[in-house]
Amino acid sequence: MDDGHVRVFQGYRVQHDSARGPSKGGLRYHQDVALGEVAALAMWMTWKTALVGLPYGGAKGGIQVNPHMLSLSELERLTRRYAAEIFPLIGPDKDIPSPDIGTNQQVMAWFMDTYSQQVGFSVPGAVTGKPLAIGGSLGREEATGRGVVNVTIEALRHKGIDLEDTSVVIQGFGNVGSHTAKIFDEAGARVIGISDVTGGVFNPKGLPIDAIFQHHRLGLPVQDMKVGDHLTNDELLALDCTVLIPAALSEQITGKNAERLRCRILAEAANGPTTLEADAILNDRDVFIIPDILANSGGVIVSYFEWVQDVQHFFWNERDIQQRLHELITHAFHRPSLAEREEISR
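Quick caveat: nothing in here was measured; it's all calculated off a predicted structure. (Residues numbered from 1 in each chain as written. Predicted model: local features only at pLDDT ≥ 70, side-chain atom pairs only at ≥ 80, totals over all residues. Heavy atoms only, no water.)

S.K.: Which parts of the structure should I look at to understand the overall build of the chain?
M.R.: Helix and strand content of the chain: 12 helices and 11 strands. In terms of C-alpha radius of gyration, the chain reaches 20 Å, essentially the compact-globule figure of 20 Å for 346 residues. In the chain, which comprises 346 residues, the share counted as buried stands at 55%. Intrachain contacts of the chain at a sequence separation of at least 6 include 68% that bridge at least 24 residues. Surface accessibility of the chain: about 15400 Å² in total, with carbon and sulfur atoms responsible for 51%. Taking the average location of the 31 positive side-chain charges in the chain and that of its 43 negative ones, the two points are 2 Å from each other. (Helix = DSSP H or I, 4+ residues; strand = E, 2+ residues; numbered from the N terminus. Rg over C-alpha atoms; globule rule 2.2 N^0.38 Å. Buried < 20%, exposed > 50% of the residue type's maximum accessible area, 1.4 Å probe, protein only. Contact = heavy atoms within 4.5 Å. Areas by Shrake-Rupley, 256 points an atom, 1.4 Å probe, with all protein chains shown as cover. Lys, Arg positive; Asp, Glu negative; His and termini not counted. Charge placed at Lys NZ, Arg CZ, Asp CG, Glu CD.)

Below, the structure is given as structure tokens:
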């Protein structure tokens, strides 16, 4: 630590499967990280990469730490130590970490640098989600949100709903939620409700997403803006809308509140936002569910693009990346039949 004393943090890296290729999965810094959670997320990554047709298996990592309680120097030392400890397990042909909750481009840069020091030369393909200057990819920051929009538009077409007549509610305004809102707004849908950890805002005529996006990037809560009615996260989930997108934490839609949902399509942008009990209720009510392993797969798809570019030392433009993301994720939507998709969502 900065004051000279030593603290020990518990860290994990779980590799669930490598039959299809190197394992792939995020690195999470959170005070509630536990081995069971990391193992479950690694299994989800196996299913996700297989569903969208990527040559990967599933992995996940994490450290039990609140990153907001560490200085930048402490965060760097923690990251480098963790990378050095799991060095024998990782690499561009073994296991490729990427950012997750509590980690970002800077953490991935430290991680890649530590790995490169161990082998004696720069290895950009050792991680994804890096800054552009050291082998990152265009389009990576908004990739998960863009994938959510692409696959939801396919669901709207499947249900015969026009995008111009679509109202969207998004719980969570972090990286995924904010970019989902911005891209939906640009596409012509009406985003009527959004929220962050402090609460949400609602305007049936549509919210000024660009202004809220810039406001929130300054670290300010969405409720600070006078753009609509204030409401809690629980109230937000019960809004009447075409599409509801939980993009925050897991288990937000449960057996206790599933009956109150008034959406036609539920796109699971977060990991595991719907419990088994809630899923059964929503299925009985004929709510079309886009499961998380499909809805939020845009991030791993563009991570795959980054890895391919690093290995080939040939980088694509942003239009190519967006087009290929659209092709892969919409193809994945149409791969299972409707019955299979409903089974996946369970």
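S.K.: Quick question: what am I supposed to make of the pairing of strand β7 (residues 199–202) here?
M.R.: Across the two faces of β7 the burial is the same, with Gly199 and Val201 and Gly200 and Phe202 all buried. For strand β6 (residues 190–196) and β7, the ladder comprises four bridges, and the chain directions are antiparallel. Bridging from a neighbouring strand, Ser195 pairs with Gly200 of β7. Turn length for the β6-β7 hairpin, with the two strands adjacent in sequence and antiparallel, is two residues. When β7 meets strand β8 (residues 229–231), the two strands line up antiparallel, connected through three bridges. Across the sheet, Gly200 pairs through a bridge with Leu231, a residue of β8. (Pairing = 2+ DSSP bridges.)

S.K.: Would you take a moment to explain the side chain of Asp100 for this structure?
M.R.: The topology assignment puts Asp100 in the loop between β4 (95–99) and α3 (105–119). When near neighbours in sequence (up to four residues on either side) are disregarded, Asp100 contacts Gly26, Leu27, Arg28 and Lys60.

S.K.: It is not clear to me how helix α10 (residues 298–312) should be interpreted in this structure. Could you clarify?
M.R.: Think of an α-helix as 3.6 residues a turn; residues three or four steps apart then line up on the same face. The first and last C-alpha atoms of α10 sit 21 Å apart over 15 residues, in line with the 21 Å expected at 1.5 Å per residue. Extensive coverage of α10 is indicated by the burial of 12 of its 15 residues. Among the structural elements, β2 (23–30), α1 (35–51), β4, α4 (143–159) and α11 (318–334) are those in contact with the buried residues of α10. Looking one or two places after α10, you find His313, whose phi comes out positive at around 55 degrees. (Expected span 1.5 Å × (residues − 1).)

S.K.: Looking at this model, I keep getting lost on the packing of α4 against α10. Mind explaining?
M.R.: To describe two helices that pack against each other, one gives the angle between their axes and the distance between the axes. Following both chains from N to C, one finds α4 and α10 inclined at 125 degrees, their axes separated by 7 Å at the closest point. Relative to α10, α4 is oriented oblique. Where α4 crosses over α10, the two elements pack in a sense that is right-handed. Here α4 contributes Ala143, Thr144 and Gly147 to the contact with α10, which in turn contributes Gly298, Gly299 and Val302. (Axes fitted to C-alpha atoms, helices over the stretch in contact; angles between N-to-C directions. Parallel < 35°, antiparallel > 145°, perpendicular 65-115°, else oblique. Left-handed = near helix turned anticlockwise from the far one by under 90°.)

S.K.: So what exactly am I meant to see when it comes to the state of the cysteines here?
M.R.: What the rule picks out here adds up to zero disulfides. Cysteine Cys241 is unpaired, with the sulfur of Cys263 as its nearest cysteine sulfur at 5.3 Å. (Disulfide = S-S within 2.5 Å.)

S.K.: Just to check I follow, could you spell out the pairing of β2 for this structure?
M.R.: Two faces make up the sheet, and in a regular strand the side chains alternate between them. Taking burial as the measure, the eight residues of β2 include seven buried ones, the bulk of the element. Where β2 meets strand β3 (residues 57–64), six bridges bridge the pair, whose relative direction is parallel. Within β3, the residue paired with Tyr29 across the bridge is Ile63. Of the crossover connections in this fold, the one passing from β2 over α1 to the parallel β3 is right-handed. By the bridge criterion, five bridges tie β2 to β4 in an arrangement that is parallel. Its bridge partner lying in β4, Lys24 is registered against Ile96. (Right-handed = clockwise from strand over helix to strand, strands pointing away.)

S.K.: I keep staring at the packing of aromatic side chains and nothing clicks. Help me out?
M.R.: As enumerated under the stated definition, the model contains eight aromatic pairs in all. Aromatic side chains Tyr304 and Phe305 sit 6.0 Å apart centroid to centroid with 45 degrees between the ring planes, which places their arrangement in the tilted category. Put simply, the rings of Tyr56, Tyr304, Phe305, Trp307 and Trp316 touch in pairs and so form one group of aromatic residues. Above the face of the Phe213 ring, Lys182 is positioned so that its terminal group lies 5.6 Å from the ring centre. (Phe/Tyr/Trp six-rings, centres within 6.5 Å; stacked < 30°, edge-to-face > 60°. Lys NZ or Arg CZ within 6 Å of the ring centre and 35° of its normal.)

S.K.: Would you mind going over the sheet that holds strand β1 (residues 11–15) with me for this structure?
M.R.: Note: strands within a sheet are paired through backbone hydrogen bonds, in either parallel or antiparallel orientation. Pairing is mixed in the open sheet, where four strands are placed in the order β1-β3-β2-β4. Edge positions in the sheet fall to β1 and β4, since each of these pairs with one other strand and no more. Direction aside, neighbouring strands of the sheet carry axes that sit 20 degrees apart on average. Across the face of the sheet, α1 comes into contact with β1, β2 and β3 while running at roughly 150 degrees to β3.

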